[in-house]
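Structural overview
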Amino acid sequence: MNELKFDANLGFQLEAISAITDIFDGQKVCRSNFTVRRSEIEENLKIDVQGYANELQLIDEELVENVHAVQLRNGLEQSPEALVKTRQFSVWMETGTGKTYVYLRTIFELNRLYGFTKFIIVVPSLAIKEGVKSSLDLMDKHFRAQYNNVPYDYFVYDSAKLNLVRNFAVSSTIQIMIINIDAFRKVAADPEKESKANIIHRYHDKMLGRPIDFIASCNPVVIIDEPQSVDSTDKSKEALALLNPLCTLRYSATHRKKDRFCMMYKLDSIDAYEQKLVKQIEVSGIAVENSHNKAY
């Protein structure tokens, strides 16, 4: 079977990647540590297990300056300072232009440039979750060749395999978790109703804590695939906030107009057609006949 080849030098994809990486221009390569709760065996051995987290060193003013520079470069409206400080950034890429490849490669660039190692990809459905996992499978050799065999692991969150969540926290290498929003949307505000929450929010004896707390301690970069379907409810927004993201990157071809996030790169259907990245576009319209004197 012929092996798929990926072009690493497509200009528009490189622009979309740099639109995100340049947000952190001036950040030094670094990471912070935190102490992970010890298992019973480790308690007996008196061993502290260290976890590794992303660390942002830039102050808000530096972020604002970087964001505005990228938006100016890409011909986009500059976001208000208060919006930049929420650290939620959007990339608009038309279907068929390599959105998944772009955000996966952005992971490796953020690691290469700034040392970030913890990443979570949040998807709206099981089908997209499997699609992202398949993309990583297909692109594995490509990324290892592009980034000098940098060690990394990726996995699909499974509530029956919480050891993977623990490894996500304690590993010092690139960690990519793929998770469906439904796997952590149910949060129990009342401790007495904890049994109704997703497993990720419940206390587990073997972990001596809640999985969500291990994840939040990592200060992950959260990537949302199709955000218009992921955080469309207040409960979804609440659940995403519990991940304690260093920043949130939102990738879609159909961003909701009412959403207010920092747009960093835009390749809409017209742009994609003019650059000959898609074969055609269609414009749908409506026409009303014989209604000159009627409301419609």
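Structure's up top.
What you see is a predicted model, and the numbers here were worked out from it, not measured in a lab.

**Topic: the overall build of the protein chain**
Helix and strand counts for the protein chain stand at 11 helices and 9 strands. Residues classed as buried in the protein chain amount to 46% of the 296 residues present. Nonlocal contacts in the protein chain, meaning residues at least 24 apart in sequence, comprise 72% of its contacts between residues at least 6 apart. For the protein chain, the computed accessible surface area is about 16,200 Å², with 48% contributed by carbon and sulfur atoms.

**Looking at the sheet that holds strand β9 (residues 262-267)**
Here 7 strands make up an open sheet; going across it, the order is β5-β6-β4-β7-β8-β3-β9 and the pairing parallel. Both outer strands of the open sheet, β5 (152-156) and β9, are each paired with one neighbouring strand and no more. Sheet twist, expressed as the average angle between the axes of neighbouring strands with direction ignored, equals 15°. One ladder, built from 5 bridges, connects β5 with strand β6 (residues 174-180); its direction is parallel. What sits directly across from F155, in β6, is M177. Against the sheet, helix α3 (residues 60-73) engages β3 (88-93) and β9, with an angle of about 25° to β9.

**Comments concerning the environment of S171**
You can see S171 is positioned in the loop between α7 (163-170) and β6. For the pair S171 and A53, spaced 118 residues apart in sequence, the C-alpha separation works out to 9.4 Å. Look past the residues within four positions of S171 in its chain and what remains in contact with it is Y52 and K118.

**Notes on the packing of helix α5 (residues 99-114) against helix α6 (residues 126-146)**
Where α5 meets α6, the closest approach of the two axes is 11 Å, and the angle between their N-to-C directions is 50°. Considered as vectors, α5 and α6 are oriented oblique to each other. Along this stretch, α5 crosses α6, giving a crossing that reads as right-handed. Only V132, S135, L136, M139, H142, F143 and Q146 of α6 make contact with α5, whose side of the interface consists of T100, Y101, Y103, L104, R105 and F108. For the contact of α5 with α6, a count of residues per class yields 8 nonpolar, 4 polar and 1 charged.

**As for helix α1 (residues 11-21)**
By the burial criterion, the buried members of α1 are F12, Q13, A16, I17, A19, I20 and T21. If you follow the buried residues of α1, they end up packed against α3, β3, α5, β8 (247-252) and β9.

**Here's the deal with unusual backbone geometry**
Only a minority of non-glycine residues have a phi that is not negative, and only a minority of peptide bonds are not trans. Phi is positive for R87, which is not a glycine, with a value near 55°. Relative to the elements of secondary structure, R87 occurs in the loop between α4 (81-84) and β3. A residue is classified by how much of its surface remains accessible, and R87, at 23% relative accessible area, is partly exposed. Its identity as a non-glycine residue notwithstanding, N149 has a phi of 55°, on the positive side.

**As for the packing of aromatic side chains**
Taken as a whole and judged by the stated rule, the model has 11 aromatic pairs. Plain terms: the ring middles of Y114 and F116 are 5.9 Å apart, the flat faces sit at 40° to each other, and that makes the pair tilted. Here the two residues Y114 and F116 agree in accessibility, since each one is buried. Chaining the aromatic ring pairs together yields one cluster made of F6, Y101, F108, F143, Y147, Y152 and Y154. One cation-aromatic arrangement involves K118 over F168; the distance from NZ or CZ to the ring centre is 5.6 Å. The ring of F261 is capped by R250, whose NZ or CZ atom sits 3.7 Å from the centre of that ring.

Conventions and cut-offs
- Each chain carries its own residue numbering, running from 1 in the written order of its sequence.
- With pLDDT at 70 or above as the cut-off, local features in this predicted model cover only qualifying residues; side-chain atom pairs require 80 or more to be listed or tallied, and sums for whole chains, interfaces and linings still use all residues.
- As a convention, hydrogens and water are excluded, and side-chain values are obtained from all of the structure's heavy atoms.
- Strands are runs of DSSP state E lasting at least 2 residues, helices are runs of H or I lasting at least 4, and numbering of each runs from the N terminus.
- The cut-offs for exposure are 20% and 50% of the maximum accessible area for each residue type, with area from a 1.4 Å probe on protein chains only; residues under the lower value are buried, those over the upper are exposed, and the others partly exposed.
- Residue contacts are defined here by distance: any two heavy atoms, one from each residue, within 4.5 Å place the two residues in contact.
- Method for areas: the Shrake-Rupley scheme with a 1.4 Å probe, in which residue coverage is limited to the protein chains shown.
- Paired strands, as defined in this entry, are two strands with at least two bridges between them according to DSSP.
- Angles shown run from 0 to 180 degrees and are taken between the N-to-C directions of axes, each axis being a line fitted to C-alpha atoms and, for helices, limited to the stretch in contact.
- An angle below 35 degrees is read as roughly parallel, one above 145 as roughly antiparallel, one from 65 to 115 as roughly perpendicular, and any other as oblique.
- In this scheme the handedness of a crossing depends on how the near helix is turned from the far one: anticlockwise by less than a right angle means left-handed, clockwise means right-handed.
- Any residue outside Ala, Val, Leu, Ile, Met, Phe, Trp, Tyr, Cys, Pro, Asp, Glu, Lys and Arg is labelled polar, Gly included; the first ten of those are nonpolar and the last four are charged.
- Each Phe, Tyr or Trp ring (for Trp, its six-membered ring) is paired with any other whose centre lies within 6.5 Å, and the angle between the two planes then decides the class: stacked below 30 degrees, edge-to-face above 60, tilted in between.
- By the criterion adopted, a ring carries a charge over it if an Arg CZ or a Lys NZ lies within 6 Å of its centre and within 35 degrees of its normal.

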